[in-house]
Amino acid sequence: GYLVNWDVQRQVWDYLFGKEMFQVDFGETSIIITEPYFNFSSIQESMNEILFEEYQFQAALRVNPGALSAHRYFHDNPSELCCIIVDSGYSFTHIVPYCRSKKKQEGIIRWVVGVTWHNHLERNGILQLHVMDETHVINQVKEDVCYVAADFYKDMEAAKYVS
């Protein structure tokens, strides 16, 4: 999600980068960090400032998680020209097209489907299942019911015969 509390984020990074975990030598280390689609430029600038000025990383790559998935896909399937990444997170689901390894910004679709959408439906009396404080349950439900067709047309044909 969007970073809105830098003090808490610094505490997390201090722990991860510090003596308790990875003991990072910042002057000799580069970092790859994921950020949300359509991240605000103010957040990007703050992150750069913290990563370079406070932690003094040698280099940083800020990238969307889907770009990493697409990179892996094109690496494993060099003859493919295009792919679509479906990234379902806490608040949103993004559908992101890639052609020739480049993200097509104008084709990105954001659905407000996630735990926050469920909470909205619940608060407004549309859903009768109370799980607002059970994020892990909703995440498990999403994982259990999501399906990606390996052969879309074959699955659509099979669906015609299901009553």
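Rules behind the numbers
- Residues numbered from 1 in each chain as written.
- Predicted model: local features only at pLDDT ≥ 70, side-chain atom pairs only at ≥ 80, totals over all residues.
- Heavy atoms only, no water.
- Helix = DSSP H or I, 4+ residues; strand = E, 2+ residues; numbered from the N terminus.
- Contact = heavy atoms within 4.5 Å.
- Buried < 20%, exposed > 50% of the residue type's maximum accessible area, 1.4 Å probe, protein only.
- Core = buried A, V, L, I, M, F, W, Y, C linked by side-chain atoms within 4.5 Å.
- Pairing = 2+ DSSP bridges.

An unreviewed UniProt entry annotates the protein as Actin-related protein 6 originating from Aquarana catesbeiana.

S.K.: Would you mind going over the side chain of asparagine 39 with me for this structure?
M.R.: For asparagine 39, the location among the structural elements is in the loop between strand S1 (30–34) and helix H2 (41–54). Not counting residues within four places of it along the chain, the set of residues in contact with asparagine 39 comprises Tyr2 and Gln44.

S.K.: Looking at this model, I keep getting lost on unusual backbone geometry. Mind explaining?
M.R.: A negative phi angle is the norm for most residues apart from glycine, just as the trans form is the norm for most peptide bonds. Positioned with a positive phi, glutamine 56 is a non-glycine residue whose angle comes to about 60 degrees. Positionally, glutamine 56 belongs in the loop between H2 and strand S2 (59–63). For glutamine 56, a relative accessible area of 51% puts it in the exposed group.

S.K.: Help me out: how do you make sense of the nonpolar core in this one?
M.R.: Trp6, Trp13, Phe17, Met47, Leu51, Tyr55 and Phe57 are the most contacted members of the largest nonpolar core, which has 13 residues in total. Of all the elements in the fold, those that place two or more residues in this core are helix H1 (6–17), S1 and H2. Looking at this core, the element that brings in the most residues is H2, giving four residues. In terms of nonpolar packing, the next biggest core, distinct from the first, is built from eight residues, Ala70, Phe74, Cys83 and Tyr98 among them.

S.K.: Please explain the pairing of strand S4 (residues 93–99) as it appears in this structure.
M.R.: Successive residues of a regular strand alternate their side chains across the two faces of the sheet. Counting buried positions along S4 yields five of seven residues, so the element is predominantly enclosed. Counted between consecutive antiparallel strands, the loop separating strand S3 (residues 82–88) from S4 contains four residues. Here S4 pairs with strand S6 (residues 109–111) via three bridges, running antiparallel. If you follow histidine 94 over to S6, its bridge partner there is arginine 110. Here S4 runs beside strand S5 (residues 102–103); their pairing, made up of two bridges, is antiparallel. Bridging across to S5, tyrosine 98 finds its partner in lysine 103. The hairpin turn running from S4 into S5, its antiparallel successor, is two residues long, and arginine 100 in that turn takes a positive phi close to 50 degrees.

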